[in-house]
Structures are given as C-alpha cells and as structure tokens.
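Below are the chains, spelled out letter by letter.
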Amino acid sequence: VTDRLILGIESSCDETGVGIVRLGPDGALELLADEVASSVEEHARFGGVVPEVASRAHLEAMVPTMRRAVEQAGIELSDVHSIAVTAGPGLAGALLVGVSAAKAYAAALGKPLYGVNHLAGHVAADTLQHGPLPQRCVALLVSGGHSQLLLIEGLADKITEIGSTVDDAAGEAYDKVARLLDLPYPGGPPIDKLAKRGNGCAIAFPRGLTGPRDSKYDFSFSGLKTSVARWVERKERAGEEVPLADVAASFQEAVADVLTAKAIRACKDLGVDTLVISGGVAANSRLSGLAAQRCAEAGIELRVPRPRLCTDNGAMIAALGAHLVAAGAEPSRMDLSTTPGLPV
Ligand code: KG4
Ligand code: ZN
C-alpha cells in the first residue's frame, strides 16, 4: 500500500470545514490542509446558532472552502483516495449541506464515501497532534453543542457513552452566563479572559450532580447558570456593584471542577490511564490547567489538542476517515442519510 489522501467534510453546526490528511502505509497521519469558514459572526446578535442561517452559510462556503483546502494541500482533487463526511449528530439542515456535497464529490470522482460520527471525529482530532491513541482511553468532549464522557476502545467502532449533560452543554452555559454579564457571543473566550483578574473561590456556585445519589458521570449546568443569574440580581437589587471578574472566575471554577473531577473518576473506575479533552471548551485555560494538575496527581496522561483542532473542523473528520480506511471498514452507501440525533 502507498500513501492515501483522505478528504474530510464537516458541516454539523456553524463551521464549514474541509480537511485533507495523508495516511501512510504504516498508518501514520499527516495533516495537509485544514480550512474552516465560520458563520459565528452571523449568529452573534442572536446569542446562539440559528439553524437556517447556518445552513445557508454552509451552502455558500462549501465550494470555496473545498478549493482552498485542495490548494493548501497542493494536490489535485482526483488524487483523493476517499471522502469522509459528518453524518451526525448536528443540525439537520446543516448536516444535509455537507453530506450532499460529499456525495456529489464522491460520485463525480468515483471515490468511496464514509459517513462518520462528529463526536468520534473530535476524539480523532487528537491523533493528528499526538499520534495513535492507546488501546483504551476516556474522552471528555465539551463544546457549545455537547458535553460527554466517552470510553474509547477503538475509534472505528468501539465508543461507549458513559455520561452526558442532562440539560445545557458546557459551552452553552458559558454563552448564557456571558450574556447575563453583558459579554459578547461566543461567551467562552471573554469569560476566560475576565476570570484571570478574579478569584475563583470568591463565590461558592453549585457543582451540579455531585451528590452521593447523583449519576457519577452525567453533568448538569442549568442550575449553575440560574444560580449565577440570582446572585447577580441580588447584588443589583441591593444597589451594590457586581464584582464581574469574581463572578466569571467562580463560575469558571465550578465548571472546571465538575468536568475534571468526573472525567478523572471515570478514568479511575474504568482502569484507564489516558484522558483526551476536546471540543471548543477544551480551549479554556482553567479547565486545561486544573485537568493537568489533577491528572498528574492521579498518574493519568492528559492529551489536549491545540485549540484549532478542538473546535469543529474538517481535519478531524478526515482523520477519522483515515482510521476507517486503515481498519478496512466498509464505505457508506450512496443513499447515506444524515442523522441529527446520531448516538456515538
Ligand atoms: O467546538 P465548538 O467550536 O463548536 C461547537 O459547539 O461544536 O465550541 C464552541 C463553544 C462555545 O460555546 C464557546 O463559548 C466555547 O466553545 N469556548 C470556550 C472557550 N473558547 C470557546 N469556553 C470556555 N473557555 C474558552 N476559552
Ligand atoms: Zn463539535
């Protein structure tokens, strides 16, 4: 076997991504292109992703993003070995644009098509930076759309969800609290920045689902968000100044504390010694800092891909496609459908 070029297409939320990786005969992956067009600014004034706006933006961005990726990789589209595309989970209309484009390219080029799972893609992204995953690892996926703990025993076909949020995703909590504090959307980066000037122990915000009777690996963030809202309201009603930096830092501490505690507990319970953290919230400085500290104490190896690979992109889908090709997986049929609620 010689080198094979795998193209990945991502369109599950507000990022149109096209990535290209080279799969070596030994299974090694090399990232050749990673082009992303985001419609985040079009959603900013709504304070969240508007599905119709996202679909239209994907439609406009898909072909130009594909052209840029092919140019960046310095290849011809006809050199591609196979095409992977996010089939779910995600926004129905947004997924349709990517899957339709992938089918069109696959049919026109006569190449195999692989419909893949977006969540598995987030984990596969890490292999582009840190190489192959060990036999077993735990992944914490935290973004605007998902918050999950996964047991990974094979990227191609053996991923088990061990926990998830029962209400808001972690990034969604960041976005809602940012709105409450009059910070811009998306809320993660401005809260992260503001929190650096505050004291994370100033306010004891609640840690969701950490009682003795609560689910060990599930998350809940809506109570935390409400608690922040009530705390700010009380201050305002009393005519006192709201210590914004302390609120941001204390909120951030509550999120990072619960996420890292549950992820490490899962590793210990399952006898796993590697933790991967991915998704947009993995860029959070306190989350990665606390995870590094707690993983070191517990003897767990922590893998966090660089921010560019953590947020939605096509390279992670290409990487997952490459794992499927390397594993000799069956391609999808050309009547591949989207599955907005696809489980792992
Ligand atoms: O993975 P992503 O780009 O898109 C999906 O939702 O799939 O994640 C975006 C989320 C947003 O909610 C954003 O507020 C959050 O990631 N985020 C952060 C940080 N950077 C982005 N949250 C906390 N701290 C950050 N530094
Ligand atoms: Zn995502």
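Here is what the cut-offs are and how they apply
- Residues numbered from 1 in each chain as written.
- Chains lettered and ligands numbered in written order.
- Predicted model: local features only at pLDDT ≥ 70, side-chain atom pairs only at ≥ 80, totals over all residues.
- UniProt positions renumbered as here; feature names shortened; annotations may be inferred.
- Helix = DSSP H or I, 4+ residues; strand = E, 2+ residues; numbered from the N terminus.
- Contact = placed C-beta atoms within 7 Å.
- Core = buried A, V, L, I, M, F, W, Y, C linked by C-beta atoms within 7 Å.
- Buried ≥ 20, exposed ≤ 12 C-beta atoms within 10 Å, placed from the backbone.
- Domains from an automatic or database assignment.
- Pairing = 2+ DSSP bridges.
- Axes fitted to C-alpha atoms, helices over the stretch in contact; angles between N-to-C directions.
- Near = placed C-beta within 6 Å.
- Nonpolar A, V, L, I, M, F, W, Y, C, P; charged D, E, K, R; others polar.

A. Just the UniProt feature "binding site: substrate" (unreviewed entry) in the chain, in detail. Within the UniProt annotation, "binding site: substrate" (unreviewed entry) is assigned to L141, V142, S143, G144, G145, D175, G188, D192 and N284. Relative to the helices and strands, L141 resides in strand β6 (residues 137–142). Dropping the residues within four chain positions of it, L141 is found in contact with L119, H122, H146, S147, Q148, L150, S278 and G279. By the secondary structure assignment, G144 is in the loop between β6 and β7 (147–154). With near-sequence residues (within four places) excluded, G144 lies in contact with A169, G171, E172, D175, P186 and G280.

B. Spotlight on the nonpolar core. Core analysis: the largest hydrophobic core is formed by 111 residues, its most contacted members being V21, I83, V138, L275, A318, A319 and L320. In terms of residue count, the dominant contributor to this core is helix α8 (residues 244–270) (13 residues). Counting only domains with at least three residues in this core, you end up with domain 1 (4–129 + 310–326) and domain 2 (135–308). Here A319 is in contact with V21, L29, A124, A125, T127 and L128, once residues within four sequence places are set aside.

C. Region of interest: the pairing of β6. With respect to burial, β6 is a largely interior element, 6 of its 6 residues being buried. Burial of β6 is two-sided: the residues C137, A139 and L141 facing one way and the residues V138, L140 and V142 facing the other way are all buried. In this sheet, β7 lies alongside β6 in antiparallel orientation, the contact comprising 6 bridges. Paired with V138 across the two strands is L151, which belongs to β7. Two successive antiparallel strands, β6 and β7, enclose a turn made up of 4 residues.

D. Examining the pairing of β7 more closely. Burial analysis of β7 places 6 of its 8 residues in the buried class, which makes it a mostly covered element. Examined bridge by bridge, β7 and strand β8 (residues 158–164) share 6 bridges and lie antiparallel to one another. Bridged to L150 within β8 is E161. Where β7 folds back onto β8 in an antiparallel hairpin, the turn is made up of 3 residues.

E. Structural view of the domain arrangement of the chain. For the chain, the assigned domains read domain 1 (4–129 + 310–326) and domain 2 (135–308). Here the C-alpha centroids of domain 1 and domain 2 sit 27 Å apart. Between domain 1 and domain 2, the contact holds 18 residues from the first and 26 residues from the second. Top contributing element to the side of domain 1 that touches domain 2 by residue count: helix α4 (residues 118–130), with 8 residues.

F. Representation of the sheet that holds strand β9 (residues 274–278) within the structure. Pairing is mixed in the open sheet, where 5 strands are placed in the order β8-β7-β6-β9-β10. Pairing within the sheet leaves two strands with one partner each, and these edge strands are β8 and β10 (301–303). Strand-to-strand twist in this sheet, taken as the mean axis angle between neighbours without regard to direction, amounts to 25°. Relative to the sheet, α4 contacts β6, β7, β8, β9 and β10, its axis offset from that of β9 by approximately 110°. Across the sheet, α8 touches β6, β7, β8 and β9, and the angle it forms with β6 is around 160°.

G. Up close: the site of ligand 1. Among the 19 residues in the neighbourhood of ligand 1, the closest are listed as G144, G171, G188, G280 and N284. Of all elements in the fold, only α5 (170–180) and α6 (188–195) reach the threshold of two or more residues within the shell around ligand 1. Split by residue class, the shell around ligand 1 holds 6 nonpolar, 10 polar and 3 charged. Counting contributing residues per domain, the shell around ligand 1 is built from domain 1 (4–129 + 310–326) and domain 2 (135–308), each supplying no fewer than three.

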